[in-house]
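Inside the fold
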Amino acid sequence: MIDPGDSPPSSTSAVEPPPPNAPELFGSAFATAERYVGLLAGAGIERGLIGPREASRVWSRHVLNSAALAALIPARAEVVDIGSGAGLPGIPLLLVRPDIAMTLLEPMARRAAFLDEAVQILGLPARVVRGRAEEFPAASVDVAVARAVAPLAKLAAWSLPLLRPGGRLLALKGASAAAEIDDAANVLKLWPLATVSLVTVPVGAETATVVNLALDDGQSTEQDRER
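Rules used in this analysis
Residues numbered from 1 in each chain as written. Predicted model: local features only at pLDDT ≥ 70, side-chain atom pairs only at ≥ 80, totals over all residues. Heavy atoms only, no water. pLDDT = per-residue confidence, 0-100. Contact = heavy atoms within 4.5 Å. Helix = DSSP H or I, 4+ residues; strand = E, 2+ residues; numbered from the N terminus. Salt bridge = Lys/Arg side-chain N within 4 Å of Asp/Glu carboxyl O. Buried < 20%, exposed > 50% of the residue type's maximum accessible area, 1.4 Å probe, protein only.

**With respect to the confidence of the model for the protein**
Looking at the protein as a whole, its pLDDT mean stands at 90, while 90% of the residues score no less than 70. Contacts of residues 5-12 to residues separated by more than four positions or lying in other chains number eight contacts, the stretch itself having pLDDT below 50. This model gives residues 220-227 a pLDDT under 50, and the stretch forms 15 contacts once residues within four places in sequence are excluded.

Below, the structure written as structure tokens:
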């Protein structure tokens, strides 16, 4: 059990300070974002949810990178974070965009337990579900988000069936994003009205690369899968 009253473990001694743009980005939720960073750099490292060397870049590499998706999500959207792990990108997104309804979907028990505890400690209205994308209700959300879960071909096959018409998958990717789009061509043929684009979003002094895979407003994911 995470004890929010405990002193930070030694692994947090090298936690980077908040970047200059963090207070403006998170607004009234900035103090909560700081607490979340403490959880990641403490229990998150201790439980193996992020690497032992990640404390020194938890803000820039993990939290701000995740929050970069916020501008791409429609108002009051229902969102599922597939393979949420330590709550990335779902928790930072919810802190920046409290208007959205967030489900943190995670199949591994120890990670889901961390998410349950983190959501309670931070006082967030997120729903934590232990399970896989294949088990999640079809056509039930407006947006699926993911970070470091799987290549786009697999991620699209898992995510697109969950989207309502007009929904979108937002996947944080790195330098391999364009190659992953090419590799996913055969999977994307199952959704012929889907459009895919690469979006570059500023993240402080750096940028985040996002694959934006959007369904047409009239597209039925289940019907197209059966073709």
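**Regarding the side chain of Ser 140**
Relative to the assigned elements, Ser 140 resides in the loop between strand S3 (127-130) and strand S4 (141-147). Dropping the residues within four chain positions of it, Ser 140 is found in contact with Glu 78, Leu 162 and Arg 164.

**A few points about the pattern of salt bridges**
If you walk through the whole model with that rule in mind, you get seven salt bridges. Note that Glu 117 and Arg 47 form a salt bridge whose closest N and O atoms lie 2.9 Å from each other. Note that Glu 117 is positioned in helix H5 (residues 109-122) and Arg 47 in the loop between helix H2 (30-46) and helix H3 (58-67), a separation of 70 residues in sequence. By relative accessible area, which is 27% here, Arg 47 ends up partly exposed. Residues joined in a network through salt bridges with shared partners are Glu 54, Arg 57 and Arg 61.

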